[in-house]
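Reading the structure
What follows is the residue order along each chain.
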Amino acid sequence: MNTTSPTQLSSRDRAVLRAIAEGRCMVSGSCGTSLTVDGFCLADQFAGSRLASAGLITATGAMPAPAALTSVGLAVLQAA
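Attention here is on the structure that accompanies the text. The structure displayed is predicted, hence computed values, not measured ones. Here the residue index of a chain counts from 1 through its sequence in written order. Local features in this predicted model are restricted to residues whose pLDDT is 70 or higher, and side-chain atom pairs enter the listing and the counts only when it is 80 or higher, whereas totals over whole chains, interfaces and linings include all residues. The basis for every side-chain value is the complete set of heavy atoms in the structure, and neither hydrogens nor water enter the calculation.

Before going further, it helps to examine the nonpolar core. By nonpolar core we mean a set of buried residues, namely Ala, Val, Leu, Ile, Met, Phe, Trp, Tyr and Cys, connected to one another through side-chain atoms within 4.5 Å. For every residue, the accessible area (1.4 Å probe, protein chains only) is compared with the maximum for its type, and the residue is labelled buried under 20%, exposed over 50%, or partly exposed between those bounds. Counting residues in hydrophobic clusters, the biggest one holds 17 residues, and the most contacted among them are L17, I20, L51, L56 and I57. Those elements giving two or more residues to this core turn out to be α1 (11–21), β1 (25–28), β2 (34–37), β5 (65–69) and α3 (71–79). In terms of residues, this core owes the most to one element, α1, which gives 4 residues. Whether two residues are in contact is decided by their heavy atoms, any of which lying within 4.5 Å being enough. Beyond its immediate sequence surroundings of up to four residues, L51 is in contact with L9, D13, V16, L17, L56 and I57. The helix and strand labels rest on DSSP assignments: H or I over at least four residues marks a helix, E over at least two residues marks a strand, and numbering proceeds from the N terminus.

Structure follows, in structure tokens:
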């Protein structure tokens, strides 16, 4: 698992983490490769895999599934 500090997160990444925390995102594909926000595909096609690889997000069930913050993701978002 890669570690990501709040200073390494882009504004877009922080916005995606906030949307996930608000329950507005779904994950489809393996390893969080595709994210939708409010039913729309996220324009940054690599954000899901980037955040999943950093250990910040996960899926909460069979695909497609709601996206969720990991404990690390929550801590990074709160520190940002």
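Take the side chain of D13 next. Within the secondary structure, D13 is located in helix α1. In this structure D13 comes out as buried when scored by relative accessible area, which is 5%. A distance of 2.7 Å separates the side chain of D13 from the side chain of R50, its partner in a polar contact. Not counting the four nearest positions on each side in its chain, D13 is found in contact with R50 and L51. N or O atoms closer than or at 3.5 Å make up a polar contact, with two conditions inside protein: a donor-capable atom paired with an acceptor-capable one, and, for residues adjacent in sequence, both atoms drawn from side chains.

Strands are labelled as partners when DSSP assigns at least two bridges between them. Judged by pairing direction, the sheet is antiparallel, and its 5 strands sit side by side in the order β3-β2-β1-β5-β4 without closing on themselves. Each having just a single partner strand, β3 (40–41) and β4 (57–59) make up the two edges of the open sheet. As judged from the 3 bridges shared by β4 and β5, these two strands associate in the antiparallel manner. Directly across from I57, in β5, lies its bridge partner L69. The convention used is that axes are lines fitted to C-alpha atoms, helices contributing only their stretch in contact, and that angles between N-to-C directions extend from 0 to 180 degrees. Most of the contacts of α1 go to β5, to which it runs at about 115°, and overall it touches β1, β2, β4 and β5.

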